[in-house]
Amino acid sequence: MSEYSNVQKAVRVEKFRIWFAWATGNFILLAIARATQDVHIVSVITQVLLAVGFILLTFTAVRMSNALNRKAAAARREVLGDV
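Report on the accompanying structure. Note that this is a predicted model, so its numbers are computed, not measured.

With 41 residues, helix α2 (residues 40-80) should reach 60 Å at 1.5 Å per residue; the first-to-last C-alpha distance of 59 Å fits that figure. When α2 is considered as a whole, its buried residues turn out to be S43, T46, G53, A61, S65, L68, A72 and A75.

Structure (structure tokens):
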């Protein structure tokens, strides 16, 4: 059972890292958009990039979290003998 516990802890840490990177990336995108809001054409471009970046970062973070969930579920099934 300790093997599953180790996997569960590792998954929790990796999920935290994924979502922390997501939040940091979105904060950086917002900072860039805020810094360029007074330059009109650049502001439009950065707003579009902000929207695209947010969608891509969110999609990637969700996919990575789902992959970790599948890995943890497989380890749980292996430990419980439900293979």
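Before going further, it helps to examine a nonpolar patch on the surface. On the surface, V39, I41, V42, I45 and L49 cluster together into a nonpolar patch covering about 450 Å² of accessible area. Mapped onto the fold, I45 is located in helix α2.

So, on to the side chain of S65. One can find S65 in helix α2. Judged by relative accessible area, which is 7%, S65 ranks as buried. In this structure, S65 is in contact with K15, I18 and W19, ignoring residues within four places of it in sequence.

A word on the side chain of T46. Its location among the elements puts T46 in helix α2. We classify T46 as buried; its relative accessible area is 11%. Setting aside anything within four residues of it in sequence, one finds T46 in contact with I32, A33 and T36.

A word on the pattern of salt bridges. Where charged atoms from two side chains of opposite charge approach closely, those side chains can pair. For the coordinates displayed, the defined rule picks out 1 salt bridge. With a shortest N-O distance of 3.0 Å, E14 and R17 are connected by a salt bridge. Of the two residues, E14 and R17 are both situated in helix α1 (residues 2-35); the distance of 3 residues between them amounts to about one turn of the helix. Since its relative accessible area comes to 32%, E14 is described here as partly exposed. Owing to a relative accessible area of 51%, R17 belongs among the exposed residues under this scheme.

Scoring rules and cut-offs
Residues numbered from 1 in each chain as written. Predicted model: local features only at pLDDT ≥ 70, side-chain atom pairs only at ≥ 80, totals over all residues. Heavy atoms only, no water. Helix = DSSP H or I, 4+ residues; strand = E, 2+ residues; numbered from the N terminus. Expected span 1.5 Å × (residues − 1). Buried < 20%, exposed > 50% of the residue type's maximum accessible area, 1.4 Å probe, protein only. Patch = residues over 30% accessible without salt bridge, like charges linked within 9 Å, V, L, I, M, F, W, Y side chains within 5 Å. Areas by Shrake-Rupley, 256 points an atom, 1.4 Å probe, with all protein chains shown as cover. Salt bridge = Lys/Arg side-chain N within 4 Å of Asp/Glu carboxyl O. Contact = heavy atoms within 4.5 Å.

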